[in-house]
Amino acid sequence: RQKSWIFLPLRNTASPLKLHVLVFPEVFEKNQHELRIAGGAVRDLLSGKRPEDVDFATTATPEDMKSMFQSAGIRMINNKGEKHGTITARIQNENFEVTTLRVDVQTDGRHAEVEFTTDWQKDAERRDLTINSMFLGLDGTLYDYFKGYEDLQNRKVRFVGSAEQRIQEDYLRILRYFRFYGRVALEPDDHEPETLDAIRENSRGLAGISGERIWVELKKMVVGSHAAHLLELMYSLELAQYIGLPPEGDVEEMKRVWQNAKDHSPKPMTILASLFRCPEEVEKMDVRLKVSKEEKNLALFLVRHRRELCKSREEPDSLRPFTDFIIDSRELDCQSKVCELLKYQGEKKLVKELSTWCVPRFPVSGHDLRKMGVTTGKEIGAMLQELRDIWKKSRYQMDKEELLSHVKR
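Conventions and cut-offs
Residues numbered from 1 in each chain as written. Predicted model: local features only at pLDDT ≥ 70, side-chain atom pairs only at ≥ 80, totals over all residues. Heavy atoms only, no water. Helix = DSSP H or I, 4+ residues; strand = E, 2+ residues; numbered from the N terminus. Rg over C-alpha atoms; globule rule 2.2 N^0.38 Å. Buried < 20%, exposed > 50% of the residue type's maximum accessible area, 1.4 Å probe, protein only. Contact = heavy atoms within 4.5 Å. Areas by Shrake-Rupley, 256 points an atom, 1.4 Å probe, with all protein chains shown as cover. Lys, Arg positive; Asp, Glu negative; His and termini not counted. Charge placed at Lys NZ, Arg CZ, Asp CG, Glu CD. Disulfide = S-S within 2.5 Å. Pairing = 2+ DSSP bridges. Core = buried A, V, L, I, M, F, W, Y, C linked by side-chain atoms within 4.5 Å. 1 Å grid on protein atoms, 1.4 Å probe; cavity = no way out; pocket = protein on both sides within 12 Å on 5 of 7 lines; lining within 4 Å. Points joined across faces, edges and corners; volume = space filled by probe spheres on them. Nonpolar A, V, L, I, M, F, W, Y, C, P; charged D, E, K, R; others polar. Expected span 1.5 Å × (residues − 1). Patch = residues over 30% accessible without salt bridge, like charges linked within 9 Å, V, L, I, M, F, W, Y side chains within 5 Å. Salt bridge = Lys/Arg side-chain N within 4 Å of Asp/Glu carboxyl O.

Chemist: Looking at this model, I keep getting lost on the overall build of the protein. Mind explaining?
Modeler: A tally of regular secondary structure across the protein gives 20 helices and 10 strands. In terms of overall size, the protein is more extended than a compact globule, its C-alpha atoms giving a radius of gyration of 28 Å where 409 residues would be expected to give roughly 22 Å. With the C-alpha coordinates of the protein rotated into their principal frame, the extents come out at 90 × 50 × 35 Å. In the protein, buried positions account for 52% of the 409 residues. Within the protein, contacts between residues separated by at least 24 positions form 64% of all contacts whose residues are at least 6 apart in sequence. When the accessible area of the protein is evaluated, it comes to approximately 21,200 Å², of which 46% is carbon and sulfur surface. Across the protein, the centroid of the 66 positively charged side chains sits 5 Å from that of the 67 negatively charged ones.

Okay, structure coming up:
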């Protein structure tokens, strides 16, 4: 077993661990159970990043933890994870998940039946990637059984042990591989051939994974590094048909759009929309992935307007076609959607301008027209539209008095 030491005084790292968390080791030490930081938080700390969450692993069973926490006056919440070995402790308004070391007894490609263990290496063995399989003692000791630290330093993404075995335990690990590749790897195409072979041979297993779980991974991947390369690779490995993407997706358009948008914080759907050739493909994607209504509507908006709603040839630096569209639109959150459209089209200058543009308020109402003797609903509607067109031509500068001067009395 490999056990390497590193200098990592926790109080001086990017860790969100606070001094009040130090009640944890005291509780576990007192009861002769080991406690270590696990998985993604260790990876992030070793990369100099602040972990979003800090999860712990322990030799204590869930029953041991419940007894210890109750005795120490530590509140516990949400017992849903207990059958998988996870107890969530609530300390000073923060949640900390502590999970008993486990080994997989049986897996079906989606879920695992587990048994508890006190063997740290066996728990590490069941994790997906080497960079996610490390533990960190609260004294700064790194426990690394599969050269995860070396892979992290070399920016390599590898499965723990056999790629095929890890994938067959949970087929979602195929997408996790791509997501972490985008986070860790320096070069876009530095994959191990045997890893890609294992992914290709097991791609069909993704058909049995829920759309919600696929979408969680996919939307993180498409806004990470190397996203265009990774999506193209997923198509060449024939994954698209199993994960809600159009089988004949427009990969060349996607590569162009990713290049346009990558430096402007695009929404995940802004990148993925480039793969869809028609609205029907968006509908099929939604059936499979069950994306939010907002995400689906953005995809439909981009597919419908990406060719026709463009900057003016006469005034290429003008926002006018886009602001006019927003003023006329009845779509919810139209300005945000048009911003994503501009990212899609690579209009960097216009993206910046539109993000600070405030939608002006049309100064005339039906009430104003009634006071001037325009009485029927049909006349009021037609006159309001006529005045709105005049107002747009003035670049939204005309006030109520100027606009009403155009009303024929």
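Chemist: Quick question: what am I supposed to make of the state of the cysteines here?
Modeler: The tally for this structure, following the rule as stated, stands at zero disulfides. Unpaired in terms of disulfides, cysteine 278 finds its nearest cysteine sulfur in cysteine 310, a separation of 19 Å. The class for cysteine 278 is partly exposed, based on a relative accessible area of 25%. Cysteine cysteine 339 is unpaired, with the sulfur of cysteine 334 as its nearest cysteine sulfur at 10 Å.

Chemist: Any chance you could explain the pairing of strand S3 (residues 55–58) here in plain terms?
Modeler: In the case of a regular strand, side chains alternate between the two sheet surfaces. One ladder, built from four bridges, connects strand S2 (residues 35–38) with S3; its direction is antiparallel. Within S3, the residue paired with arginine 36 across the bridge is alanine 57. Across three bridges, the pairing between S3 and strand S6 (residues 94–100) is parallel. Across the sheet, the residue bridging to alanine 57 is threonine 99, located in S6.

Chemist: Would you take a moment to explain the nonpolar core for this structure?
Modeler: Proteins that are soluble and globular tend to have nonpolar side chains buried together. Phe24, Phe28, Phe69 and Phe178 are the most contacted members of the largest nonpolar core, which has 113 residues in total. If near-sequence neighbours (up to four positions away) are discounted, phenylalanine 28 is found in contact with His33, Glu34, Leu35, Thr58, Ala60, Met65, Met68, Phe69 and Val98. In terms of nonpolar packing, the next biggest core, distinct from the first, is built from eight residues, Ala38, Leu101, Phe135 and Tyr145 among them.

Chemist: What should I look at first to understand the layout of surface pockets in this one?
Modeler: Space left empty within the atom packing is revealed by a probe, the size of a water molecule, rolled over the atoms. Space inside the second largest pocket adds up to approximately 230 Å³. Forming the walls of the second largest pocket are Pro25, Phe28, Glu29, His33, Glu34, Leu35, Arg36, Gly137, Leu138, Asp139 and Tyr143. For the lining of the second largest pocket, the secondary structure elements donating two or more residues are helix H1 (23–30) and S2. Of the residues that constitute the lining of the second largest pocket, the class distribution is five nonpolar, two polar and four charged.

Chemist: Looking at this structure, I do not really get empty space enclosed by the protein. What am I missing?
Modeler: One pass over the structure, following the stated rule, counts one cavity of 30 Å³ or more. In this structure, the largest cavity encloses a volume near 50 Å³. Counted by class, the lining of the largest cavity contains three nonpolar, two polar and four charged residues.

Chemist: What is the right way to look at helix H14 (residues 293–305) in this model?
Modeler: Residues lying three or four places apart along an α-helix face the same way, a consequence of the helix completing one turn every 3.6 residues. A rise of 1.5 Å per residue sets the reference length of H14, with its 13 residues, at 18 Å; its end C-alpha atoms lie 18 Å apart and thus fit the reference within 8%. Within the span of H14, buried status applies to Glu295, Lys296, Leu298, Ala299, Leu300, Phe301, Leu302, Val303 and His305.

Chemist: Before we go on, may I ask you to explain a negative patch on the surface in this structure?
Modeler: Taken together, the side chains of Glu52, Asp53, Asp55 and Glu97 define an acidic patch exposed on the protein surface. With respect to the element layout, glutamate 97 can be found in strand S6.

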